[in-house]
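# Structural characterization, general
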Amino acid sequence: MRCLAPCPTRSQRDRPVDSPPMARAARGFRCRECGWATPAYVGRCAQCQAWNTLDQFTETQRSGPARSAGVVVPGRTVRLADVPDEPGRRLSTEIPEFDRVLGGGLVPGSLVLVGGDPGIGKSTLMLQAAARLAQRGTVVAYVCGEESPRQVRLRATRLGVGEAPVTLIPESSLDAALAAAEGAGASVVIIDSIQSVYVEGLDTRSGGPAQLSEAGARLVAFSKTNEITTIVTGHVTKSGEIAGPRLLEHLVDAVLYFENAEGGSVRVLRAIKNRFGATDEVGVFEMTGEGLQSVENPSSALLESHDADASGCAVTAVIEGSRPLALEVQALAVPTNLASPRRIASGLETSRLHLLLAVLARRGGVNTGAMDVVASVSGGMRLRDTGADLAILAALASAASDQPLPRATACLGEVALSGAVRPVHQVQRRLAELSRVGFKRCLVPNGTPAVDGIVLIPVRNVRDALQSLHR
Ligand code: TYD
Ligand code: MG
């Protein structure tokens with residue numbers, strides 16, 4: 001038989017065959033934001049430019065015994081055609097909006113990361129999903145590294161699922177927790193949160209980059225080897241990324257972020273990566289006294305408080321994931337004596353507000369230079385879709401003149417610096433959604449094909465649009 005072991009290299013030949021595995025201690029400083037490492041302390045990270053984020057670390061790395069002896073054990077091979085080609089049955093969490101973001105439920109053996117600000121509702125959603133899965137016969141283990149079992153029980157009782165047969169694992173050692181979950185025969189494991197568990201043997205604080213990347217690697221191995229679906233939660237840092245940015249994202253199968261702008265009760269769960277479903281899919285939830293409720297008809301919920309007779313309110317439709325959502329942009333403009341008037345934006349980028357105010361002044365003749373301007377989006381949604389530009393502009397113009405916009409009239413269109421109103425993608429679906437929630441007319445970019453049930457008002461530029469919006 002042919003020897004599968006490669007010929008020893010010169011350095012291997014020189015070393016005695018039965019020499020013990022080499023232990024090597026690495027010391028240095030690592031940035032807790034981005035994971036950049038350096039042997040000597042510096043005040044500012046050379047990679048992410050953050051100040052005072054370097055922590056000291058010591059890591060012991062062992063070279064593998066097989067390699068040091070010059071023997072490589074060949075890995076497993078599988079013929080592509082022999083791999084079963086059915087995708088595996090998805091497990092429904094019975095939470096419609098969570099299933100939607102996952103791409104139709106949990107895929108067996110997948111690893112999912114759920115991120116979001118502290119207090120946004122990660123633990124609440126996890127407990128609700130755990131309870132529903134357990135009530136339908138799935139063995140679920142919930143690693144509560146962050147809270148005591150009593151706290152979890154109190155929350156479960158509040159959510160009406162106190163009696164659900166969920167196995168709690170109050171453990172902060174990751175290996176011990178995973179072994180306990182495996183021992184309990186779990187087919188779904190929830191780890192709440194990744195920052196609260198640690199990997200033994202690493203001399204760094206839990207939640208740090210070294211811990212997170214090692215924990216991530218172990219979780220991948222755990223979920224794939226045992227075909228156990230694993231969901232981990234993670235807090236985001238101030239800059240909005242999961243602590244130890246991007247360290248876990250490339251390891252896991254799906255990354256879901258919870259988001260909401262300050263104040264709103266609507267929570268949006270957005271898939272920013274999904275190996276088993278559409279990226280950018282969103283689930284819409286509302287935080288209530290009984291936990292997170294899936295919002296069946298998000299457009300109606302987002303327009304619930306729409307007041308057609310108030311100035312500064314404009315309605316548009318955006319595409320979120322695979323569906324259109326109608327929402328309201330609100331603006332307020334008041335005269336100010338400040339030398340540099342205030343610009344406050346919630347749910348949209350301040351830079352976008354500045355840009356649209358500049359277009360409004362130059363191309364529309366509406367000057368807000370002596371006014372404080374506040375703009376926000378209904379329900380705490382965050383606007384990314386540039387198709388909402390025209391609605392933001394209409395809301396700003398209406399706020400500046402304190403004149404309400406015409407009733408039942410929505411706006412669709414991207415606004416260029418030249419003041420031109422540009423086409424938006426999936427305009428037909430947006431118009432159908434606006435019509436469904438009761439809008440009769442809509443300002444649209446010139447050349448938009450007609451849709452049943454809604455009258456289109458084509459506009460070429462910002463000036464056209466402002467004229468059409470006079471009540
Ligand atoms: P939580 O799930 O603990 O957030 P995270 O795990 O993301 O840090 O959410 C806590 C918030 O949700 C807290 O402000 C209280 C609120 N909440 C409700 O409004 N209703 C409920 O039924 C529950 C359980 C929490
Ligand atoms: Mg929590």
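The coordinates are above.
The present account deals with the structure reproduced in this document. (Residues numbered from 1 in each chain as written. Chains lettered and ligands numbered in written order. Predicted model: local features only at pLDDT ≥ 70, side-chain atom pairs only at ≥ 80, totals over all residues. Heavy atoms only, no water.)

## A few points about the site of ligand 1
- Near ligand 1, the surroundings consist of 16 residues, among which Gly-119, Lys-122, Ser-123, Thr-124 and Thr-288 are the closest.
- Separating an oxygen atom of ligand 1 from a backbone N or O atom of Gly-121 is a distance of 3.0 Å.
- In the complex, the protein chains occlude 76% of the 560 Å² of accessible area that ligand 1 would expose alone.
- Mapped onto the shell around ligand 1, the elements with two or more residues apiece are α4 (122-135), α5 (149-158) and β11 (282-288).
- If you tally residues by element for the shell around ligand 1, the top one is α4, at 3 residues.
- Residues of the shell around ligand 1, tallied by class, amount to 4 nonpolar, 7 polar and 5 charged. (Near = heavy atom within 4 Å. Polar contact = N/O pair within 3.5 Å; in protein donor to acceptor, adjacent residues only side chain to side chain. Areas by Shrake-Rupley, 256 points an atom, 1.4 Å probe, with all protein chains shown as cover. Helix = DSSP H or I, 4+ residues; strand = E, 2+ residues; numbered from the N terminus. Nonpolar A, V, L, I, M, F, W, Y, C, P; charged D, E, K, R; others polar.)

## What to know about the pairing of strand β12 (residues 291-294)
- For β11 and β12, the ladder comprises 4 bridges, and the chain directions are antiparallel. When the bridges of β12 are listed, Thr-288 appears paired with Gly-291. (Pairing = 2+ DSSP bridges.)

## Quick look at the nonpolar core
- Counting 47 residues, the largest nonpolar core has Leu-327, Met-381, Leu-383, Leu-390 and Leu-396 as its most contacted members.
- Where this core is concerned, the elements lending two or more residues are β10 (266-274), β11, β13 (313-320), β14 (323-335), α9 (350-364), β16 (371-377), α10 (389-401) and α12 (462-468).
- Here the element with the most residues in this core is α10; it accounts for 10 residues.
- In this structure, Leu-396 is in contact with Ala-331, Leu-353, Leu-356, Leu-357, Leu-360 and Val-373, ignoring residues within four places of it in sequence. (Core = buried A, V, L, I, M, F, W, Y, C linked by side-chain atoms within 4.5 Å. Buried < 20%, exposed > 50% of the residue type's maximum accessible area, 1.4 Å probe, protein only. Contact = heavy atoms within 4.5 Å.)

## What to know about the environment of Leu-357
- Among the structural elements, Leu-357 can be located in helix α9.
- By relative accessible area, which is 6% here, Leu-357 ends up buried.
- Filtering out sequence-adjacent residues up to four positions away, Leu-357 remains in contact with Arg-343, Thr-368, Val-373 and Leu-396.

## Some points on the pattern of salt bridges
- For the structure on display, the rule yields 20 salt bridges.
- Between Glu-97 and Arg-323 there is a salt bridge, with its nearest N and O atoms 2.6 Å apart. Residue Glu-97 is found in helix α3 (residues 96-102), and its partner Arg-323 is found in strand β14; the two are separated by 226 residues along the sequence. Across this residue pair, the class does not change: Glu-97 and Arg-323 are buried.
- A salt bridge links Asp-175 to Arg-218, with the nearest nitrogen and oxygen atoms 2.5 Å apart. Here the residue Asp-175 occupies a position in helix α6 (residues 174-183), and Arg-218 occupies one in helix α7 (residues 209-226), the gap between them amounting to 43 residues.
- The partly exposed category is assigned to Arg-218, whose relative accessible area is 26%.
- Among the ionic contacts, a cluster of salt bridges with common partners joins Glu-259, Arg-270, Asp-280, Glu-320 and Arg-384. (Salt bridge = Lys/Arg side-chain N within 4 Å of Asp/Glu carboxyl O.)

## Let's talk about a nonpolar patch on the surface
- Residues Leu-332, Val-334, Ile-344 and Val-374 make up a contiguous nonpolar surface patch of roughly 320 Å² in combined accessible area.
- Along the polypeptide, Val-334 turns up in strand β14.
- Among the residues examined, Val-334 registers a relative accessible area of 39% and is labelled partly exposed. (Patch = residues over 30% accessible without salt bridge, like charges linked within 9 Å, V, L, I, M, F, W, Y side chains within 5 Å.)

## Concerning the packing of aromatic side chains
- Evaluated as defined, the whole model comprises 2 aromatic pairs.
- Taken together, a centroid distance of 5.4 Å and an interplanar angle of 75 degrees make the contact between Phe-29 and Tyr-41 edge-to-face. Remark: Tyr-41 occurs in the loop between β2 (37-38) and β3 (54-62) and Phe-29 occurs in strand β1 (residues 23-31); sequence separation between them is 12 residues.
- Using a relative accessible area of 16% as the deciding quantity, one classes Phe-29 as buried.
- The exposure class of Tyr-41 is partly exposed, given its relative accessible area of 44%. (Phe/Tyr/Trp six-rings, centres within 6.5 Å; stacked < 30°, edge-to-face > 60°.)

## Remarks on the environment of Pro-423
- With respect to the helices and strands, Pro-423 occurs in the loop between β19 (421-422) and α11 (427-436).
- Linking Pro-423 and Asn-446, residues 23 residues apart in sequence, is a C-alpha distance of 7.8 Å.

## With respect to α6
- Buried residues of α6: Leu-174, Ala-177, Leu-178 and Ala-181, and no others. The buried residues of α6 occupy an angular sector of 95 degrees when the element is viewed end-on, so they sit on one face.
- Elements that come into contact with the buried residues of α6 comprise β5 (140-144), β6 (167-169), β7 (188-192) and α7. (Arc of directions from axis to C-beta.)

## So, the side chain of Thr-409
- Among the structural elements, Thr-409 can be located in strand β17 (residues 409-411).
- For Thr-409, a relative accessible area of 9% gives the class buried.
- Here the side chain of Thr-409 touches Arg-407 through a polar contact of 2.9 Å, landing on its backbone oxygen.
- Here the side chain of Thr-409 touches Arg-441 through a polar contact of 3.3 Å, side chain to side chain.
- Every residue in contact with Thr-409, bar those within four places of it in the chain, is listed here: Phe-439, Arg-441, Leu-443 and Leu-469.

## Looking at the sheet that holds β10
- Strands sit in the order β6-β5-β7-β8-β4-β9-β10-β11-β12 across an open sheet of 9 strands; the sheet is mixed. On the outer flanks of this sheet lie β6 and β12, each paired with one strand and no other. Sheet twist, expressed as the mean angle between neighbouring strand axes with direction ignored, is 25 degrees.
- Bridge count between β5 and β6: 3 bridges; the pairing is parallel. Paired with Tyr-142 across the strands is Leu-168, a residue of β6.
- Where α4 meets the sheet, its contacts fall on β4 (111-116), β5, β7, β8 (229-235), β9 (254-259), β10, β11 and β12, and the angle it forms with β5 comes to roughly 155 degrees. (Axes fitted to C-alpha atoms, helices over the stretch in contact; angles between N-to-C directions.)

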